[in-house]
Each structure stands twice: as C-alpha cells, then as structure tokens.
Amino acid sequence: MSSDCITYQNSGYFSKLILDYLDEKPELQSLYNRFPKLENFEDQIKEKKANYPIENRHILVTEIEKQYYNFTVSERTAHNIQLLKDSNTYTITTGHQLNLFTGPLYFLYKIISTINLCKKLKEKYPTQNFVPVYWMATEDHDFEEINSFNYNDKSITWIRESKGPVGRLSNQGLASVYNQFAEEIGTGIHANYLKNLFEKAYIHHENLADATRFIANELFKKEGLVVIDGDTESLKKIFIPYVKRELLEQTSYKKVTETLPNLSSYTIQVNPRELNLFFIQDNLRERIVLENGYYRVNSTSIVFSKEEILLELEKNPTHFSPNVLLRPVYQEVILPNLCYIGGGGEIAYWLELKSTFDAYGLTFPMMLLRNSVLLATQKQASKLAKLELNWSDMFLPQQTLLDKRTKEKSEFTIDFTPQKNQLRSQFEHLYIIANQTDKSFLGAVSAQERKQIKGLEQLEKRLLKAEKRVLSEQLHQIVGLQNELFPKGHLQERKANFSSYFEEFGPSLIEQLLTTLQPLEQNFDILIL
C-alpha cells in the first residue's frame, strides 16, 4: 500500500463556501461554534457536558440496546454502548441515507473519518471516552436517491413504490435484486462474502433500517461503531418540547431566514420553510403546512387545530419528523455529540443553523468535512508514472489536462500571448493617433484590434489541434486513465460502490482506509491498493 494526497483547495471539486470554511475566513466565523482542531475539543467537551442532561443518556442507551436486540454485537460495540451512560463519554457522529448496499464509496469514508477522529481524541484526552456513531437517515423519503448502486459499470436497481419513511420500508423485492447482483459478481472468496453479506442483510431482515444496520455493523464491528435509528418513540419524546416550539413559533424558519444574508455571496444549500416538519406514518411523509391558524398535512385531507396538533404530538411523537434543517437539532438533543462529520453539502446547510441552536439553548457541534479518497490500483499508478503525470493532473477538467499535456510535449510554444501583447501595444499607439485626429476613428481601431486578436486566437487553437493529432496515442491513454479514475467525469467516491474494490482486495480495503485517513488534515487522499 502507498498513498498520496492533494489539498481540498487544489482538487477543484469543492464549493467556494466550503473552501472559505476550511480557510477559516473571518466572514464565516459567526456561523459556527469552534473550528475542528484537536485543541478546540477541550472547550467543546466542557460546553457539551454542561448542556446535556444525564437522564438523556439512560434513555439513549436503553433505546440503542432495544435496537440491537436481534443483532450479534461485537464486544467493542457493546462496550461503547454502555460507555454512553458515563458523563465523560461523548459521540462523534456522521449521518447517511439508507442507500442500497451502502451506495457510493463515501459511505465508508464518512464512517472511517468518524472512527479515526474518536481514536485521535482518545489519544489527546485519555480521561474521556469517544464513541463513533452512524445516524441512519431512516425518516427520509427520497427512494429514488437510494434504490441503486453501481457494481463496476452496472447499475443494480431495486424497483418498487415507496411513499413513507424509507427506514420502515419492507425489503420486498430485494430477492430479485440479490439475484441480479449475484449474476454480475464473480465467485471468488471476496465475491462470496459480498453475496452473503447482501443476502443476510436484505433477505434475512424485514426492513431497510435493519438491513442497513446489519451491513454497517458487519463492516465496522471491530471498530465499535454504534448505529442509531432516530425514528423511535422514546427518542422522539425527548424532542417534543422542540417540536412544540417549532409548531407554535416557527423558530427555525425565523432564525435561518435571519442567517441567510450572511451567506449571500454563496449558493444557498437549503431554504427554510415556515414549518420544517413532516407528518409521517408507515406509508406517508408529507410536509406540515400552517394555513390560517390550522395545521394541514400537505397532499392529504388531514387538518389539525392548534390544540389538536399539540395533543397529537403528545400522544404520537413518532408522527412528527424533522426535515433537513431541523434534523440536526434533533440529533444534537438526543446525543452527547461533539462533532458532526459530513460532506460539503451537509456542512453548507449546517452553517445556516447556529442561530437556531442558540435560540433553543443547544450546543452547536463542531463541523468536520469528511475525508475524500481516490482509490487507484498499482497498474493505474504505473500508467500515471509512465505518462509522466502526477495525481493533481488527474483532477483537472479533461480538456484542460489534454491542452496542458499537448503544450508540454510540443516542440514549440503553443501560446501566442507574447504576440497578442505586442499587437495590443501597437494598437495603443493607434488609439493615441485617433484621439488626436478623429475620435470617430476609435471604433474602427477597436474593431480591427479585436479582429486581429481573434485571428491569433484561432491560429493558436488550430496549432493546438494539430499538435493533439501528433500526440493522439498518448492523449488517448490519458483519457482512458482519467475515465477509469473519474467515472463519466465525476468523483469516483460519488459513483462507485465498495463492492467493486472489496471483490478484489477484501477486508484489506477497509483496513488500508482506516490506516490512511486522517480526518483533521485537509487532504484529498489517493490510496494505491
């Protein structure tokens, strides 16, 4: 195993908002509590300890034990669950959708970032305990976002109807998906493990939440990962006061709306709704809309008065589900959490929420960008070296990369900038003459300048095109390599599934990732398997 890295800033795949956050730009510092540096966790621990009720710990542990009742729990995970009763124990949390067979590769990277940060914190603060948590997004309803995964170049898809929260969705129809996957994958020892994992997860469990817990538990049980489903009555009861305030005061809408002007120079990730709550049942997940003093469940005939909806909340708290802006509040009410680890899109909407947390009197967690990884084989690394390229070249847009290589390998300079500058200098003299004689002549001079500059640019493009034909074989090899590493021009981690690599490398894939990823370093890792 060997590895390399480039900075997130130089990868070209992160938004201006995330890059400014990573650079700790002053204009963003009011939007978060503390930046995720090892030394900053000391104050975060003190604040969370003072702001997290001890009684919540016992409710949390009882619920987690209930959720793991029919699962084989590793000694490490069982120990971590019990540690959560201790007032010196804190969580580091990541969350993710219930993607079929984990979905994109970055599912692994999120969880490994979380596990490795816990290890780093234990070294720094040995008297405290740190538990890695995967918060399953069981209350989401976007089935089309989670119903497939890519095995090599083949999409393995689960086709069925889904209307309610996906965690409650039965695994009906997944036997045929298993058969589809089994036909595609090989018969080696690692392929058989993957087929067995899929079968045990989806055929031997009733719903998507349990299947996803099984997979995460199997892959990371040695690391003590704790998997939590927030769609439960005991945890929702803790959240009742916050839902009540949301219904009566629309707190998150008001506070996020006040915050958004601070993000006016960036693309807004999520715009708030007046009520950031859903009404859910097994086959229903619809927004709650406040109209003329009544609470209407969108696209249904369900309507509540103020008194009725508050009574419904007390009787059936599981019918109320926070949306993307209120879910972080729910998570932080439930967990003794210090830091949330997520992707760029997640960090972007968390940055909208600090004033909401302040209004609720909650500790705002640190926000850490998850590790990103490019996996490469030894064969691909050898190709890269033979082509005299480096890893940062592979992150360039394809045409930029091909132009760069053509100019590097050409026997003459394919850059007419000096000629264009010389031409502009000559025209400056013509502008002086025009100003001194006939100013109506300025338009003609300007038009001629543009025409001649454009002519040079056209010659430059034709020369570049001609040189590309000379270098066509080498450029074809570069295109082939980049397309292998960046499927259809996208980050590998957002398209490929872990099964494509686990089939070849087995458990060493996860072992190497655990060894390589350093969550507090702002690097995009390249791991050569």
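Here is what the cut-offs are and how they apply
- Residues numbered from 1 in each chain as written.
- Predicted model: local features only at pLDDT ≥ 70, side-chain atom pairs only at ≥ 80, totals over all residues.
- Heavy atoms only, no water.
- Disulfide = S-S within 2.5 Å.
- Helix = DSSP H or I, 4+ residues; strand = E, 2+ residues; numbered from the N terminus.
- Buried < 20%, exposed > 50% of the residue type's maximum accessible area, 1.4 Å probe, protein only.
- Axes fitted to C-alpha atoms, helices over the stretch in contact; angles between N-to-C directions.
- Parallel < 35°, antiparallel > 145°, perpendicular 65-115°, else oblique.
- Left-handed = near helix turned anticlockwise from the far one by under 90°.
- Contact = heavy atoms within 4.5 Å.
- Pairing = 2+ DSSP bridges.

**Q** Lay out the state of the cysteines in plain terms, naming residues and giving numbers.
**A** Scanning the entire structure with this criterion turns up zero disulfides. Here cysteine 118 is not cross-linked by a disulfide; its sulfur's nearest cysteine counterpart is in cysteine 339, at 9.2 Å.

**Q** Can you break down unusual backbone geometry residue by residue, with the values?
**A** Here phenylalanine 101, not a glycine, exhibits a phi torsion of approximately 50 degrees, which is positive. When you line up the elements, phenylalanine 101 lands in the loop between strand E2 (89-96) and helix H6 (106-124). Its relative accessible area of 0% is what places phenylalanine 101 among the buried residues. A positive phi angle is found at asparagine 292, which is not glycine, with a value near 55 degrees. Within the secondary structure layout, asparagine 292 lies in the loop between strand E8 (284-291) and strand E9 (294-297).

**Q** Outline the packing of helix H10 (residues 233-249) against helix H12 (residues 306-315), supporting the account with residue identities and numerical values.
**A** Across the interface, H10 lies against H12 with an axial gap of 10 Å and an inter-helix angle of 165 degrees. The orientation of H10 with respect to H12, classified from their angle, is roughly antiparallel. As for how H10 packs across H12, the hand of that crossing is right-handed. Only Lys306, Ile309, Leu310, Leu313 and Glu314 of H12 make contact with H10, whose side of the interface consists of Ile240, Val243, Lys244, Leu247 and Leu248.

**Q** Give a detailed account of the pairing of strand E14 (residues 372-376), specifying residues and quantitative values.
**A** Where burial is concerned, most of E14 is hidden: five out of the five residues are buried. Of the two faces of E14, both are covered, the one formed by Ser372, Leu374 and Ala376 as well as the one formed by Val373 and Leu375. Where E14 and strand E15 (residues 523-528) come together, five bridges link them in parallel fashion. What sits directly across from leucine 374, in E15, is isoleucine 526.

**Q** With reference to specific residues and values, describe the packing of H10 against helix H13 (residues 327-334).
**A** Following both chains from N to C, one finds H10 and H13 inclined at 120 degrees, their axes separated by 10 Å at the closest point. One way to sum up the angle between H10 and H13 is to call them oblique. Between H10 and H13 lies a crossing of right-handed hand. Packed against H10, whose contacting residues are Leu235, Lys236, Ile238, Phe239 and Tyr242, the element H13 presents Val329, Tyr330, Val333 and Ile334 at the interface.

**Q** Can you tell me about the sheet that holds E9, naming the residues and giving the values?
**A** Strand order in the open sheet formed by five strands is E10-E9-E8-E7-E11, and the pairing between neighbours is antiparallel. Unpaired on one side and paired on the other, strand E10 (303-304) and strand E11 (320-322) mark the two borders of the sheet.

**Q** Explain the side chain of asparagine 147 to me, using residue names and the numbers behind them.
**A** Position of asparagine 147 among the secondary structure elements: in the loop between strand E3 (129-136) and strand E4 (148-151). Among the residues examined, asparagine 147 registers a relative accessible area of 12% and is labelled buried. Setting aside anything within four residues of it in sequence, one finds asparagine 147 in contact with Leu100, Ile156, Thr157 and Trp158.

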